[in-house]
Amino acid sequence: MHAVSTVYASRIQRFRLPRVCVAVVGEDAANILERAESLVRDNPFMEFRLDYLSNPAAGLPKLKHFLDMHPEATVIATCRRAVNGGKFKGSAAAQLDLLTKAAATGFQLVDIELQSAQILKPAELAGLKDRVGVILSFHDFKATKKLEDTFADMKRYPADFYKVVSTATSLYDNVQMMKFLQAHSAQYEMVGLCMGEQGIISRLLGVRAGSVFTFGSATRGEETAPGQVTAGELRDTYRIDMVDAATQVYGVAGDPVSHSMSPIMMNTAFRRETVNAVYLALHARSLKDLMACINDIPLRGLSITMPYKQDIVALLSNSDALTRQIGACNTVVRAQDGKLYGFNTDVAGIVTPLEQRLTLHGAKILVLGAGGVARAAVFGLKNKGAEVFITNRTPEKGQTLARQAKAKYMKRADVAKSNFDVIINATPVGMGTNRQSPLEDKELNTKYLFDLVYVPAETKLTRMARAKNIEVIPGLEMFVQQGARQFEIWTGKPSPIAEMSFVVSKALERMAPAEEEPSAPSAASGNGAKPAAKPPAATTRPAAKPIATKKAPPAQGKAKAKAAKPKPAKKAAKKPVKR
Ligand code: NAP
């Protein structure tokens, strides 16, 4: 059998379809109707999951009313069989019967699985296609493999759209999907994406590679497939409607990255400065996977986060002096020649907010911690002529950093006896659901407290400092400043820092409903602070105000010096991801 066009093929042309189809589920038809009515204004392209209804056929008359009342909407009827990953317990014949009734009800498109097509008689499928636009679909809930073999099977059946959905277990699976879409989208109406948190790239870039549309959830919590992003995010944050062949791709790579605020901040900056670019969260389980992806997508720039800031240095063609000095890179640029260059903007993220408030030369500054961010702080502040002290839970690590950076190590017992111009918290204590403070009240003898923890916006430490009339510099400022420098390095344009700050503050406010401060023991004893993968639970104040817009220095040129000597790998515990 060969694919043939029908009257419906011309009615459902790709240019008439929005790029995002919203999957609507409900326990009964009334529920679906209610959701659809509230969504249709912003989402004229929807998929009704009839298989979620206990009696799909009985629900059709109610849904007909919606279709009659909304001729502007294009709606797919899907009644996926349980054996193929849906909820419909009936046979393939019963599914065909239901989809035929759906066509008579007024649905413009129906989705039927390849496995059902294989069971039905050719004439039955052809009959369905004569009545309605047919999406022939295939879902692989485990992997991305044998896409060509699957499509060879699918092409034997007539359809208006061929939809292939796989599961990404690596970033490179997205590349496979995009290559597959590119190979066939000129000849066939293709829809393709990878499910899973690692497949988010394909949901955005699939449309660039030839997928006629993609799927989004109505809201967070209403996902019908793992890794689904909301339709609102696809349109507003990622601007999917303007993604085209010229769109440059950037992203934040790390493990985990699902709660990163970087996509919302950087996409806002690109939109504000009308840069044709999209910024994605890249969940890289290994650097090898990330590098394979960089070569094929191709990515123009990357923010690097835990646990790869140190390991990536050895894989770069070149890096700037700061990156080599600190041994950590948080910004990668892919040049026209395909080579990768590394920069460290964490230093600017720490130094710039401080320089906006005080003279660093000669300032007495205590850094808590000796990890990656503490290294950026200590080297950056030493370069500015500050007198830098370090204290750390594991004294040996603090002493090593002090030696390397020509700073001074301070025993924890001496902190309470000292006065500082600035204390910087570069530990995770206070982050996420951790409600502790890395210092006791009597140890907070300083003019400024810079808490680099920015999720939540307000920590126990910042509250303690405010109570002592110490000026607090929120961690948000570091986050925004390091991102602003990245934007400038990548685009050569001044960053829209006020907008970047505003959008992150708003996102932090949304994440953290106010609640009373819990009584938690002080972390001065050094116990129990684990970075939380989940959003923060609490703040007692609104999120920090958007920060002052001070124009950052111009973008740096390509680094000339040799790449820094690789440091030993810093292993981070793998967190489970939503599949
Ligand atoms: P890291 O490399 O893991 O270093 C963590 C440091 O904190 C280590 O020195 C560690 O001491 C110390 N530490 C960990 N748990 C502790 C505890 N319970 N009590 C006392 N000290 C503890 O982490 P990192 O990459 O430097 O990041 C540190 C924090 O900076 C992050 O958690 C994050 O909140 C913040 N940050 C902020 C931004 C921003 O833009 N604002 C960006 C990145 C990071 P040991 O040496 O004894 O293990």
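Above this text you will find the structure in question.
Worth saying up front: this structure is predicted, and the values here are computed from it rather than measured. (Residues numbered from 1 in each chain as written. Predicted model: local features only at pLDDT ≥ 70, side-chain atom pairs only at ≥ 80, totals over all residues. Heavy atoms only, no water.)

## Observations regarding the sheet that holds strand E9 (residues 248-254)
Hydrogen bonds between backbone atoms are what pair the strands of a sheet, whose relative direction is either parallel or antiparallel.
Then, number 1: The mixed open sheet is built from six strands, whose spatial order is E10-E9-E11-E13-E14-E12. Every other strand in the sheet has two partners, leaving strand E10 (277-283) and strand E12 (318-319) as the edge strands with one partner each.
Then, number 2: Across two bridges, E12 lies against strand E14 (residues 340-343) in parallel orientation. Each bridged residue has a counterpart across the sheet, and for Ser319 the counterpart in E14 is Gly342.
Then, number 3: The strands that helix H12 (residues 287-296) touches are E9, E10, strand E11 (299-304), strand E13 (331-334) and E14; relative to E11, the one it contacts most, it runs at about 150°.
Then, number 4: Lying over the sheet, helix H19 (residues 475-491) contacts E9, E10, E11, E13 and E14, oriented at roughly 10° with respect to E13. (Pairing = 2+ DSSP bridges. Helix = DSSP H or I, 4+ residues; strand = E, 2+ residues; numbered from the N terminus. Contact = heavy atoms within 4.5 Å. Axes fitted to C-alpha atoms, helices over the stretch in contact; angles between N-to-C directions.)

## Thoughts on the packing of aromatic side chains
Then, number 1: By the definition in use, this model includes 15 aromatic pairs.
Then, number 2: A ring pair is formed by Tyr454 and Phe479, whose centres lie 4.5 Å apart and whose planes are at 15°; its orientation type is stacked. Linking Tyr454 in the loop between strand E19 (446-451) and helix H18 (460-467) with Phe479 in helix H19, this pair joins segments that are 25 residues apart in sequence.
Then, number 3: Relative accessible area serves as the criterion here: at 21%, Tyr454 is assigned to the partly exposed category.
Then, number 4: Put simply, the rings of Tyr250, Phe270, Tyr279, Phe487 and Trp490 pair up and form one aromatic cluster.
Then, number 5: For Lys87, the ring lying beneath its charged end belongs to Tyr52, and the centroid distance is 5.0 Å.
Then, number 6: The lysine or arginine in question, Lys364, covers the ring of Phe420, its NZ or CZ lying 5.4 Å from the ring centre. (Phe/Tyr/Trp six-rings, centres within 6.5 Å; stacked < 30°, edge-to-face > 60°. Buried < 20%, exposed > 50% of the residue type's maximum accessible area, 1.4 Å probe, protein only. Lys NZ or Arg CZ within 6 Å of the ring centre and 35° of its normal.)

## As for the sheet that holds strand E20 (residues 471-473)
Then, number 1: With respect to topology, six strands assemble into an open sheet ordered E17-E16-E15-E18-E19-E20, the strand pairing being parallel. Each edge of the open sheet carries a strand with a single partner, namely strand E17 (408-409) and E20.
Then, number 2: Sheet topology note: the E19/E20 ladder contains three bridges and is parallel. In the strand pairing of E20, Tyr448 is matched with Glu471.
Then, number 3: Set on the sheet, helix H14 (residues 346-355) makes contact with strand E18 (420-425), E19 and E20; between it and E19 the angle comes to about 145°.

## A few points about the side chain of Thr391
Then, number 1: In this structure, Thr391 sits in strand E16 (residues 387-391).
Then, number 2: A polar side-chain atom of Thr391 sits 3.0 Å from the main-chain carbonyl oxygen of Met410.
Then, number 3: Those residues in contact with Thr391, other than ones at most four positions away along the chain, are Leu366, Val367, Leu368, Gly369, Tyr409, Met410, Lys411, Arg412 and Val415. (Polar contact = N/O pair within 3.5 Å; in protein donor to acceptor, adjacent residues only side chain to side chain.)

## Topic: the nonpolar core
Then, number 1: In this structure, Phe48, Leu50, Phe107 and Leu290 are the most contacted members of the largest nonpolar core, which totals 92 residues.
Then, number 2: Setting aside chain neighbours within four positions, we find Leu290 in contact with Leu171, Ala253, Leu282, Ala284, Leu302, Ile304 and Ile312.
Then, number 3: Core analysis: the next-biggest nonpolar cluster, separate from the first, contains 33 residues, Ala328, Leu358, Val367 and Tyr448 among them. (Core = buried A, V, L, I, M, F, W, Y, C linked by side-chain atoms within 4.5 Å.)

## Description of helix H4 (residues 92-105)
Then, number 1: Its 14 residues place the ends of H4 20 Å apart at the C-alpha level, agreeing with the 20 Å of an ideal helix rising 1.5 Å per residue.
Then, number 2: For H4, every residue scored as buried is listed here: Ala92, Gln95, Leu96, Leu98, Leu99, Ala102, Ala103 and Thr105.
Then, number 3: Elements that come into contact with the buried residues of H4 comprise helix H3 (56-69), strand E3 (74-78), strand E4 (109-113), helix H5 (114-119) and helix H6 (122-131). (Expected span 1.5 Å × (residues − 1).)

## What about unusual backbone geometry?
Residues apart from glycine generally show negative phi values, whereas peptide bonds are mostly found in trans.
Then, number 1: That bond from Met306 to Pro307 is cis: its omega, 5°, falls within 30 degrees of zero.
Then, number 2: Summarising the element assignment, Pro307 is placed in the loop between E11 and E12.
Then, number 3: Cis geometry marks the peptide bond from Val455 to Pro456; its omega dihedral reads 10°.
Then, number 4: Mapped onto the elements, Pro456 comes out in the loop between E19 and H18.

## Some thoughts on the pairing of strand E15 (residues 364-368)
Then, number 1: Buried residues dominate E15, accounting for four of its five residues.
Then, number 2: Note that E15 and E16 share five bridges and pair parallel. Note that in E16 the partner of Ile365 across the bridge is Val388.
Then, number 3: Handedness of the E15-helix H15 (residues 372-383)-E16 crossover: right-handed.
Then, number 4: In this structure, E15 lies alongside E18, joined through four bridges in parallel fashion. What sits directly across from Val367, in E18, is Ile424. (Right-handed = clockwise from strand over helix to strand, strands pointing away.)

## Quick look at the side chain of Thr167
Then, number 1: With respect to the element layout, Thr167 can be found in strand E6 (residues 161-167).
Then, number 2: Its relative accessible area of 8% is what places Thr167 among the buried residues.
Then, number 3: For Thr167, the side chain forms a polar contact with the main-chain oxygen of Phe141, separated by 3.3 Å.

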